[in-house]
Amino acid sequence: MVEVKEEEERKVRCLLVGNPNKDDREPDELKGLVDTLGMETAGVIVLARREPTPAYGMGTGTAQRIAERAKEIFADTIIFDWELEPTKQRNWEKLTGIPVCDRNEIIIRIFAQRAKTKEATLQVELAKLTYSLPRLSHMYGDMARQRGGNYGAKGSGETQLELDRRQIEDKIIQIKKELEQVASNRETQRKLREKTAVATCSLVGYTNAGKSSLLNALTGADVFVEDKLFATLDPTTRKFAISQASSVLLTDTVGFISNLPHTLIDAFRSTLEEASICDLLLLVVDSSDSQCVWQYNQVLRVLDEIHAGEIPRLVVLNKIDAVQDDAEKIAELNTAFPDAVKVSAHTQQGFDILLEQMTEILLGKLRDFSIPMAQNHLVELVRKNGTIEKEEWLSDTIELEARIPGILHEDGNATTRTLSLLSPYIVKSL
């Protein structure tokens, strides 16, 4: 009984096959995905090159060596760090006699484990069905497809395959309809938020960069946090004050990753929309990660894919407490991210600077205005489109300390109408 229990609790042993690269680097990200899924990396092979061969996507000799290596280390499965076509997947499973999957399937499995809300569950289910549809036939390797009886009749395997294919296609249609309703409800909630005229800000970044920890530290939220990839999938929005007179809605979004399966990009479109329609993006970077520059560029690419590349953004170097004593690392970060804000969600280091910059970008620079009494209608304009922090009505002027969104250029031109009308009444500092 003990041996049976140990066998049940034993982690699945995986042989990872990495893409060719200049530095012969191991597929660290795939290792992280496998670990997140609760499996064990038993061995790693990084290919010297890939060939567009129809059978395995590489030479027969290389494929045979990978199969032999899997047997040597008693691997339970082989995982490729790129998308594996259904035909090649079946060929690999015939060659090795063990399950074979690709990076996309691992990511989808992780998402399936993490999904909690109805929307996330539907989105993951849609991604799973879309991914599995062209791969159905390999599930019926033991079923006969021989033609029997009259010419053209289908065997039992082919019949079952067609039935399952039809069921999956019907299920995909049903889930898409349900997601449309969920998206409609989300749009209604979004419009209600817009009516409050509260600025919106989204936390975006590579998975495990510390976005949820930052949201918790800034707002006092209790979003689930774990040191694993894709710890949270559902967007969480919290309101918090960034100045004495104004608040902002801060949303934690799903973490990005390189080569995110297109099925998941499509399925999580409504979730990612939170990042594409906000007023400001806080692009969170894990400063302690050796690949942080590369990860940052991957996030920029995904932002372009969801049409969020033009939204104002502020780069936030999180976990700075882990590297602040490393002068060489700090110098590298300063070179790569010269305008970034350095913070620590753990110690709240740099939060004052972060809030100051967020406030200035979202609400405008704090300025003093002296408005003639004859122009008192401008006060209502500021109240409607800006933020008044101090207001004093004197005998002939109205003194304001206020923030008005927009940028005032040196030539006196402003990027917003309100700031343009109020610019003549800015009190110049001595």
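Higher on the page you've got the structure.
Now for a look at the structure at hand. (Residues numbered from 1 in each chain as written. Predicted model: local features only at pLDDT ≥ 70, side-chain atom pairs only at ≥ 80, totals over all residues. Heavy atoms only, no water.)

Observations concerning the sheet that holds strand β13 (residues 397-403)
- Across the sheet, 3 strands lie side by side as β11-β13-β12; this open sheet has antiparallel pairing. Of all strands in the sheet, those bounded by a partner on one side alone are β11 (366-372) and β12 (387-393). The sheet shows a mean angle of 20 degrees between the axes of neighbouring strands, direction not considered.
- Pairing of β11 with β13, which is carried by 7 bridges, proceeds in the antiparallel orientation. When the bridges of β13 are listed, Asp 368 appears paired with Glu 401. (Pairing = 2+ DSSP bridges. Helix = DSSP H or I, 4+ residues; strand = E, 2+ residues; numbered from the N terminus. Axes fitted to C-alpha atoms, helices over the stretch in contact; angles between N-to-C directions.)

Observations concerning the environment of Ile 320
- For Ile 320, the location among the structural elements is in the loop between β9 (313-318) and α12 (327-336).
- Looking at Ile 320, the relative accessible area reads 1%, which means it is buried.
- Ile 320 sits 23 residues away from Val 343 along the chain, and the two C-alpha atoms are 5.8 Å apart. (Buried < 20%, exposed > 50% of the residue type's maximum accessible area, 1.4 Å probe, protein only.)

Examining the packing of helix α2 (residues 28-36) against helix α5 (residues 103-114)
- Here α2 crosses α5 at 40 degrees, and the two axes come no closer than 10 Å. It follows that α2 is oblique to α5 by the angle criterion. Remark: the crossing between α2 and α5 carries left-handed chirality. On α5, the residues that touch Glu 29, Leu 30, Leu 33, Val 34 and Thr 36 of α2 are Arg 103, Ile 106, Ile 107, Ile 110, Gln 113 and Arg 114.
- Here the contact of α2 with α5 is composed, by residue class, of 6 nonpolar, 2 polar and 3 charged. (Parallel < 35°, antiparallel > 145°, perpendicular 65-115°, else oblique. Left-handed = near helix turned anticlockwise from the far one by under 90°. Contact = heavy atoms within 4.5 Å. Nonpolar A, V, L, I, M, F, W, Y, C, P; charged D, E, K, R; others polar.)

A word on the pattern of salt bridges
- Across all of its chains, the model carries 11 salt bridges by this definition.
- The closest approach of N and O atoms between Arg 69 and Glu 72, which form a salt bridge, is 3.5 Å. With Arg 69 and Glu 72 both in helix α3 (residues 60-72), this residue pair falls 3 residues apart, about one helical turn.
- Residue class for Arg 69 comes out partly exposed when judged on its relative accessible area of 32%.
- The exposed category is assigned to Glu 72, whose relative accessible area is 55%.
- Between Arg 403 and Glu 389 there is a salt bridge, with its nearest N and O atoms 3.2 Å apart. You can see Arg 403 sitting in strand β13 and its partner Glu 389 sitting in strand β12, a full 14 residues away along the chain.
- Residue classification places Arg 403 among the buried positions, given a relative accessible area of 12%.
- Accessibility expressed as a relative area gives 21% for Glu 389, which makes it partly exposed.
- Via salt bridges that share partners, Glu 29, Asp 81 and Arg 103 belong to a single interconnected network. (Salt bridge = Lys/Arg side-chain N within 4 Å of Asp/Glu carboxyl O.)

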